[in-house]
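Next come the chains, spelled out residue by residue.
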Amino acid sequence: MKRFGLVICLFLGMRVFVVGQCTFSINELDEFDSTLIIATPSVNIGYLIASEYLEEDGIKLIEEAKIILSYGELGNFSNLFLTLVIPERSFSEIEPGTNLLLKLANDTIVGLINYPDRGTFNREINMRIYNHTAIIPIDVFYALVHHPIEKIRINYNNKKRNINITSDQSDEILNHIRCLGEGAGLLPIKP
């Protein structure tokens, strides 16, 4: 699963596919093993934060986090994924389990099972970059279609990190969720 998250991150800036009114950074069927991979462009979430990198005119400001939604299908096996790319000032460990929480607009708290990541040091900002990849169960996906995400919490072993999402960011994520559902054939729901 970690390789899948890394593949998504590598392709985000390289390609853009437009299907109907939806834009995808990846939308391809592997001709060797028939794996279908669909991914939305990343959405900047949260606010601008100070990095640990000092430029000539002051501290470099960076995005607090990015969110990427993706879908993978191989034969009868398919999954939806949510990947958060987050800079952290210090080394933080995260265990596998329900350590990624989403607060939805209807005040529901949804826990997602994440894949652990130890982060990678980024010299451009002097911080560690973490890729938190979580599986989105189908019932949670349909909840996300109707109730936008308002806040995200990551439970590290030694701290908790909250990311507030603005209403514009929430609307953009909701649009990406709906597009991913259409691209994966999960939307619209047919009786």
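These figures come from a predicted structure and were not determined experimentally. (Residues numbered from 1 in each chain as written. Predicted model: local features only at pLDDT ≥ 70, side-chain atom pairs only at ≥ 80, totals over all residues. Heavy atoms only, no water.)

Sorry, what's going on with the overall build of the chain here?
Each helix and strand in the chain was counted, giving three helices and 13 strands. Out of the 191 residues belonging to the chain, those deemed buried represent 43%. In the chain, 57% of the contacts between residues at least 6 apart in sequence involve partners at least 24 apart. Here the chain displays about 10,500 Å² of accessible surface, and carbon together with sulfur accounts for 52% of that area. (Helix = DSSP H or I, 4+ residues; strand = E, 2+ residues; numbered from the N terminus. Buried < 20%, exposed > 50% of the residue type's maximum accessible area, 1.4 Å probe, protein only. Contact = heavy atoms within 4.5 Å. Areas by Shrake-Rupley, 256 points an atom, 1.4 Å probe, with all protein chains shown as cover.)

Sorry if this is basic, but what is going on with the pairing of strand β5 (residues 43–55) here?
Working note: regular strand, side chains alternate between the two faces of the sheet. Summarising the sheet, β5 and strand β6 (residues 58–74) pair through eight bridges and their orientation is antiparallel. Within β6, the residue paired with L48 across the bridge is E63. (Pairing = 2+ DSSP bridges.)

Is there a simple way to think about the packing of aromatic side chains in this case?
For any pair of aromatic rings, geometry is given as the distance between the ring centres together with the angle between the planes. The tally for this structure, following the rule as stated, stands at two aromatic pairs. Seen in terms of ring centroids, Y130 and Y156 are 5.8 Å apart; in terms of plane orientation they differ by 65°. Their pairing is edge-to-face. With a gap of 26 residues between them, Y130 in strand β11 (residues 127–136) and Y156 in the loop between β12 (149–155) and β13 (160–164) connect regions that are remote in the sequence. With respect to class, Y130 is no different from Y156; both count as buried. Positioned above the aromatic ring of Y53, the side-chain terminus of K60 is 5.8 Å from the ring centre. Sitting above the plane of the Y156 ring, K159 keeps its charged end 5.4 Å from the centroid. (Phe/Tyr/Trp six-rings, centres within 6.5 Å; stacked < 30°, edge-to-face > 60°. Lys NZ or Arg CZ within 6 Å of the ring centre and 35° of its normal.)

Would you explain the side chain of S92 in this entry?
Along the chain, S92 falls in the loop between β7 (77–88) and β8 (97–104). The residues touching S92, leaving out its near neighbours within four places in the chain, are D117, Y130, Y156, N158 and K159.

Sorry, what's going on with the nonpolar core here?
Nonpolar side chains in soluble globular proteins tend to be buried together. In this structure, I45, L84, L102, I152 and I173 are the most contacted members of the largest nonpolar core, which totals 40 residues. When sequence neighbours within four positions are dropped, the list of residues in contact with I45 reads E64, A65, K66, I67, L84, I152, I163, I165, Q169 and I173. Residues I49, I68, V85 and M127 belong to the second largest nonpolar core, which totals seven residues. (Core = buried A, V, L, I, M, F, W, Y, C linked by side-chain atoms within 4.5 Å.)

Please clarify how the pairing of β8 should be interpreted in this entry.
Of the strand pairs in this sheet, β8 and strand β9 (residues 109–115) are connected by six bridges, and their pairing is antiparallel. Counterpart to L102 in the pairing with β9 is V110. In textbook terms, the turn of a hairpin is the stretch between consecutive antiparallel strands, and for β8 and β9 this stretch comprises four residues, one of which, D107, has a positive phi near 70°.

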